[in-house]
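# An overview of the molecular structure
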Amino acid sequence: MSEGKSTTGGGAVESVQQETRKFPPPAGFASGAHINSMEQYEQMHRESLEDPDKFWGEKAAELHWFKKWSRVLEWNLPDAKWFIGGKLNACYNCVDRQVDAGQGDKTAIVWEGEPIENGQPEVRNLTYNDLKRETSKFANVLKSLGVKKGDRVTLYMPMVPELAIAMLACARVGAAHSIIFGGFSASAIKDRVEDAHSKVIITADGGWRRGKIVPLKQNVDDALEMTDVVENVVTLKRTDNEVAMKAGRDQWWHELMDGASDDCPCEEMDSEDLLFILYTSGTTGKPKGIMHTTGGYMVYTYLTSKYVFDLHPENEDELYWCTADIGWITGHSYIIYGILPNAVPTLMYEGGPNFPAEDRFWDIVERHKVTKFYTAPTAIRAFMKWGEEHVKKHDLSSLQLLGTVGEPINPEAWMWYHRMIGSERCPIVDTWWQTETGGHMLTPLPGATTAVPGSATRPFFGADVAVVEKDGTEVGPNESGLLVIRKPWPSMLRGIYGDRQRFIDTYWSEIEGFYFAGDGARKDGDGNIWVTGRVDDVINVSGHRLGTAEVESALVSHPSVAEAAVVGIPHEIKGTGIAAFVTLKGGQEPTDALKKELIAHVGKEIGAIAKPDQLRFAEGVPKTRSGKIMRRLLRELATSGEVKGDTTTLEDFNVIAKLKGKDEG
Ligand code: WTA
């Protein structure tokens, strides 16, 4: 485990500290915004904390409930219950409600596939009527496979409309989905289906990514060689590549859908019934299944979507696009669950940002006339590197608002986004939140908050975010501390699936009485919060969360490896890159071929995102006298090739000298 505190936020942190430029909401924007002054924000924020029952009771009433709650909140640290006794259905709020309101013909999802043929991409528009019919049919398919309320269904799919249909169909029947990002490997699938006891997997023959087919069904087949919990696999035909179908276990999506009835009423779910599990990385080798329930999550993601992206369904041109994959929390909350209840069309894009060329995103913005655009700092840094010419080719005048999520944004990237993409007229919302928080916790409100490049600014309504010392007292202005949340909020995680103790240890034991986020931060004299990055052994690679311990266990699972130590290092595009130090078992030769093999092995064990950028062979890794790996030293070494820091607790000084002598890979 770790020694000391990391600053894996990388090189961005230094320049963040000095940023003083300020960007008040553009005048034209503020006048039409839901929240349009700081006074309004401050008053609502105060009310939301002082009287959560009143504030959230009123906001929750904007959604559809089969039965109203009897109490808004019950809080027994660390367990929150929201909208107690209330009955609702997430799919109903995303789909049926718009149909009932006479908006069945309105576009709900605009989808674009990756391949371009004869200059034309494949585009599909799905209306709320389409979604009602398709989710009902697929809900009946799920029922025919024996899926019942309370079951867990695994989704391992490309970014196609059927992924949205499958997740909403799960919600329709009251089954919790567990979505696995398509970049994860067979071993990752096996671990997750076993942890969730999921008997059904929905997948596809493949998905398109940078012109290549991602072999999703093949990965599922490989995973199921290692476990027998799964009884049924449903496969969507997307790429037409050949796949094996196992009799008695595997069926085609289209064949099952052909015979399915389109009548399937939404199950009435309790507000606290599980909506989904989403696995995310922590500080041990085993990912944790974060649990989100129905009522609080739906209310919070609906409201943050409305206010943070300033969504206006009455504006016929409104088209929102979040570039995340639905396999991550950003896609769950801000492609599907928060956006659809706002009755604003959400764009889904299947493929890579540089296929067939580096202007693909801007081509999409121009052709579809996207109004609100939400992406990650790592993508912005890649666009900066690819060059302005790709942006300048396109008319981006439809854009009204830009957002970022996933890691601290360096002010240079913020300024580039503001200038090149937003033409200096679009507000930028830098949203800090986590898989565990379900929705935005720190964020500017685009019509009210003065943005400062690099700061996620202020807490959203209901969020009591603070920067504190270990004993829970707030630090002074501009002092570094730990980011905590002091009061329950509607979309907070309800636990880790099957691991109560880990839930308590990870989030509720570090700082008494508060939720500990795992991030470091400081608050400036204006009250803006600056998140500086993780202070635990979680790293943020291209905005994707990984545990250093996860990568270490993957390396150690290789027969040649005795020990491995993994650290995050600053990386120009990824934000944080991965450096691995590997000690081989006796008799193993430290060859370049083995280096390559080990990097590939990590890809196979976890997924391509976890492949180390550097791998060095070491005769030993530096440890404290109590046996903890000294990651700080390794980070220094991997970053600068030098070790200047304090080595007084180091057990064997020779180790550092030996490490320095090694080549980097
Ligand atoms: C980091 C993604 C700074 C942070 C929604 C957090 C950020 C982790 C920001 C959660 C931001 C996310 N500024 N850091 N705007 N957004 N982070 O669970 O370290 O994949 O703890 O959720 O990403 O990552 P996760």
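Residues numbered from 1 in each chain as written. Predicted model: local features only at pLDDT ≥ 70, side-chain atom pairs only at ≥ 80, totals over all residues. Heavy atoms only, no water.

Per an unreviewed UniProt entry, the recorded name for the protein chain is Acetyl-coenzyme A synthetase, and the organism is Natronomicrosphaera hydrolytica. What the UniProt record of the protein chain gives under Catalytic activity (unreviewed entry) is the line "acetate + ATP + CoA = acetyl-CoA + AMP + diphosphate". (UniProt positions renumbered as here; feature names shortened; annotations may be inferred.)

This next bit is on the overall build of the protein chain. Along the backbone of the protein chain there are 21 helices and 30 strands. Overall, the protein chain is about 75 × 65 × 55 Å in size when its C-alpha atoms are taken along their principal axes. Taking as baseline every contact in the protein chain between residues at least 6 positions apart, the subset at least 24 positions apart corresponds to 71%. Taken as a whole, the protein chain presents about 24,300 Å² of accessible surface, with 47% of it coming from carbon and sulfur. Each charge sign in the protein chain was given a centre, from 74 positive and 95 negative side chains, and these centres are 2 Å apart. (Helix = DSSP H or I, 4+ residues; strand = E, 2+ residues; numbered from the N terminus. Contact = heavy atoms within 4.5 Å. Areas by Shrake-Rupley, 256 points an atom, 1.4 Å probe, with all protein chains shown as cover. Lys, Arg positive; Asp, Glu negative; His and termini not counted. Charge placed at Lys NZ, Arg CZ, Asp CG, Glu CD.)

Our next topic: the sheet that holds strand β25 (residues 529–534). Pairing within the open sheet is antiparallel, and its four strands lie in the order β21-β22-β24-β25. A strand with exactly one partner marks an edge of an open sheet, and here the two such strands are β21 (465–468) and β25. Neighbour-to-neighbour, the strand axes of this sheet turn through a mean angle of 45 degrees, independent of strand direction. In this sheet, strand β24 (residues 515–523) lies alongside strand β22 (residues 480–485) in antiparallel orientation, the contact comprising five bridges. Pairing of G481 across the sheet is with A521, part of β24. (Pairing = 2+ DSSP bridges. Axes fitted to C-alpha atoms, helices over the stretch in contact; angles between N-to-C directions.)

Strand order in the open sheet formed by seven strands is β5-β4-β17-β16-β18-β19-β20, and the pairing between neighbours is mixed. At either end of the open sheet lies a strand with only one pairing partner, and these are β5 (120–127) and β20 (428–431). Taking the axes of each pair of neighbouring strands and ignoring which way they run, one obtains an average angle of 20 degrees across the sheet. As paired elements, strand β19 (residues 401–405) and β20 share four bridges and run parallel to each other. Bridge pairing in β20 links G403 to V429. Strands β16 (320–322), β17 (346–349), β18 (372–375) and β19 of the sheet are contacted by helix α12 (residues 329–337), whose axis makes an angle of about 175 degrees with β16.

Summed over the entire model, instances satisfying the criterion amount to 41 salt bridges. Between K190 and E194 there is a salt bridge whose closest N-O contact spans 3.6 Å. A residue pair is termed a helical-turn pair when its members lie 3 or 4 positions apart in one helix, as K190 and E194 do in helix α8 (residues 186–196) at four residues. In this structure, D221 engages R249 in a salt bridge whose closest nitrogen and oxygen atoms are separated by 2.9 Å. Linking D221 in helix α9 (residues 216–225) with R249 in the loop between β11 (232–236) and β12 (250–252), this pair joins segments that are 28 residues apart in sequence. (Salt bridge = Lys/Arg side-chain N within 4 Å of Asp/Glu carboxyl O.)

Note that S491 resides in the loop between β22 and β23 (495–496). Those residues in contact with S491 that sit more than four places away from it in its chain are H292, G296, Y297, Y300, E436, T437, G438 and G439.

This paragraph deals with the nonpolar core. Of all hydrophobic cores here, the largest spans 159 residues; its most connected members are F138 and Y337. If one sorts the elements of this core by residue count, helix α7 (residues 161–173) sits on top with 10 residues. One finds Y349, W362, V365 and M415 within the second-largest nonpolar core, a separate group that totals 29 residues. (Core = buried A, V, L, I, M, F, W, Y, C linked by side-chain atoms within 4.5 Å. Buried < 20%, exposed > 50% of the residue type's maximum accessible area, 1.4 Å probe, protein only.)

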